[in-house]
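# Commentary on secondary and tertiary structure
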Amino acid sequence: MSTFDKIKEIETEMARTQKNKNTAYHLGTLKAKLAKLKRELLTPSKSGGGPGEGFDVAGTGVARVGFIGFPSVGKSTLMSKMTGTFSEVSEVEFTTLTTVPGVLQYKGAKIQILDLPGIIEGAKDGKGRGRQVIAVARTCSLIFIVLDVLKPLTHKAVIEREMEGVGIRLNKEPPNIVFRKKDKGGINMTNTVPLTNLDKDVVKSILNEYRIASADISFRCDATADDLIDVIEGNRVYIPALYVLNKIDQISIEELDLVYKIPHAVPISAHHEWNFDELLEKMWEYLNLVRIYTKPKGQLPDYTAPVVLKRDRASLTDFCNTIHKGILREFAHALVWGSSVKHNPQKVGKEHVLLDEDVVSIVKKK
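Residues numbered from 1 in each chain as written. Predicted model: local features only at pLDDT ≥ 70, side-chain atom pairs only at ≥ 80, totals over all residues. Heavy atoms only, no water.

## Some remarks on the packing of aromatic side chains
Definition in use: Think of it this way: a Phe, Tyr or Trp ring, Trp meaning its six-membered ring, pairs with another when their centres are within 6.5 Å, and the plane angle makes it stacked under 30 degrees, edge-to-face over 60, tilted otherwise. A run of H or I in DSSP counts as a helix once it spans at least four residues, and a run of E counts as a strand once it spans at least two, with each numbered from the N terminus. Any residue under 20% of the maximum accessible area for its type is buried, any over 50% is exposed, and the rest in between are partly exposed; the area is computed with a 1.4 Å probe on protein chains only. Throughout this description, the term charge over a ring refers to an Arg CZ or Lys NZ atom that lies within 6 Å of the ring centre and within 35 degrees of the ring normal.
This model, assessed by the stated rule, comprises three aromatic pairs. With a centroid separation of 6.0 Å and 70° between ring planes, the pair formed by tyrosine 106 and tryptophan 284 is classed as edge-to-face. In this pair, tyrosine 106 sits in strand E2 (residues 100-106) while tryptophan 284 sits in helix H9 (residues 276-287), placing the two residues 178 residues apart along the sequence. Of the residues examined, tyrosine 106 reaches a relative accessible area of 15% and is grouped as buried. Tryptophan 284 gets classed as buried once you look at its relative accessible area, which sits at 5%. The aromatic ring of tyrosine 243 is capped on one face by lysine 156, whose charged end is 4.7 Å from the ring centroid.

## Brief notes about the pairing of strand E10 (residues 241-246)
Our working definition: We treat two strands as partners when DSSP finds at least two bridges between them. Whether a crossover is right-handed comes down to one check: with the strands pointing away from the viewer, does the path from the first strand over the helix to the second run clockwise; if it does, it is right-handed.
With six of six residues buried, E10 is to be regarded as a mostly interior element. Side chains Ala241, Tyr243 and Leu245 project from E10 onto one buried face, and the interleaved Leu242, Val244 and Asn246 project onto a second face that is buried too. Here strand E4 (residues 142-148) pairs with E10 via six bridges, running parallel. Looking at the pairing, leucine 147 lines up with leucine 245 of E10. As paired strands, E10 and strand E11 (residues 265-267) are joined by three bridges and run parallel to one another. The residue of E11 that forms the bridge with valine 244 is valine 266. Following the backbone out of E10, through helix H8 (residues 253-259) and into the adjacent parallel E11, one traces a crossover that is right-handed.

## As for the sheet that holds strand E12 (residues 289-294)
Formally: Axis angles are defined between N-to-C directions and span 0 to 180 degrees, where every axis is a line fitted to C-alpha atoms and, for a helix, only to the segment in contact. Every residue pair with non-hydrogen atoms within 4.5 Å of one another is taken to be in contact.
An order of E13-E12-E16-E14-E15 is seen for the five strands of this open sheet, with the pairing classed as mixed. Here the strands that pair on one side only, and so sit at the sheet edges, are strand E13 (302-310) and strand E15 (346-348). Between one strand axis and the next, the sheet turns by 40° as a mean value, whatever way the strands run. Lying over the sheet, helix H10 (residues 316-323) contacts E12, E13, strand E14 (331-337), E15 and strand E16 (358-364), oriented at roughly 115° with respect to E13.

## Considerations on H10
The line we're drawing: Directions pointing from the helix axis toward each C-beta atom define the arc.
For H10, the complete set of buried residues consists of Leu316, Phe319 and Cys320. Relative to the axis of H10, the buried residues are bounded by an arc of 95° and lie together on one face. Taken together, the buried residues of H10 touch E12, E13, helix H11 (327-330), E14, E15 and E16.

## Notes on the side chain of arginine 236
As a reminder of what qualifies: Counted as a polar contact is a pair of N or O atoms within 3.5 Å, where, for protein atoms, one must be capable of donating a hydrogen and the other of accepting one, and residues adjacent in sequence contribute only when both atoms are in side chains.
Checked against the element boundaries, arginine 236 lands in the loop between helix H7 (225-233) and strand E9 (237-239). Taking relative accessible area as the criterion, arginine 236 reaches 19% and is therefore assigned buried. A distance of 2.8 Å separates the side chain of arginine 236 from the side chain of aspartate 230, its partner in a polar contact. Here the side chain of arginine 236 touches asparagine 235 through a polar contact of 2.9 Å, side chain to side chain. Residues in contact with arginine 236, not counting those within four places in the same chain, are Ala35, Arg138, Gly167, Arg169, Ile229 and Asp230.

Keep in mind these numbers describe shape, not what the thing actually does.
Here is the structure:
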């Protein structure tokens, strides 16, 4: 029996099984088996050929945004209008067959945009070029899920399911679970919040499936069996996503009001370039970037070329390393103007965390 058939069999059994306390142990085991089989399916075989043509894209810029969607929803039109990069556009499905990269300059930051081939249902099972598309998607800082506003939102659910199936978690935080394998000592389980979805038996059933007999597990959130499996597998990626609902020029104002109620959604018209401002502003917000301006001694700040950093890695050490690795060796202190300090300027050390649009002047050791 092939891996694909085994997955189908387990999914059928899970759909048949009623969810209650008595079946929780059985469902936990099935979920763990399913996760292992899916990993097997996604890991390329050693004997297989090289990667698909046009799928290895060298990274440029400070962040990478991938366009994912069904064929002919307007991904290529949107990319051409945003970046000026020509990606073949046509009414026929499956026009884009490889990854088309482009670069967008926004707020002084270089952002790489990737137009990925149209995804089809069953991509997580290796159908079409789904596996390669998803491998590239895993490397993105943000995913634009481009949807046709005229087609039902079932497309949104299909893409979400495909992403879940390959270990991409959209708009989610990693579960706050500390998991550590040991050589002996059995299962030691602690929790700082009440667990409503798991008990020790379900946890043991999942660990048995992974042949883990001894481990320390600390739950710091109300986790589910899926969360625990994600932590054990350790190959999940957590990526923010925006649902770009294209072709709003073909719907009424009332329908547009309904579209705005969808979480993480931005309605646009790629053809008429409507609502691009909001799309770019949201993209910046979801990428979580900050701009830091440099000020050479005795000169005015340079506002034309900011140093762009991730908000969670925006200390002065990160700032110096981004410019040049050798700066830290001569670093004495820095003078900072902006919202991260109480006084303008303020003398700070290399642990200081910078905020958006701060101005920094580095003072070297004498």
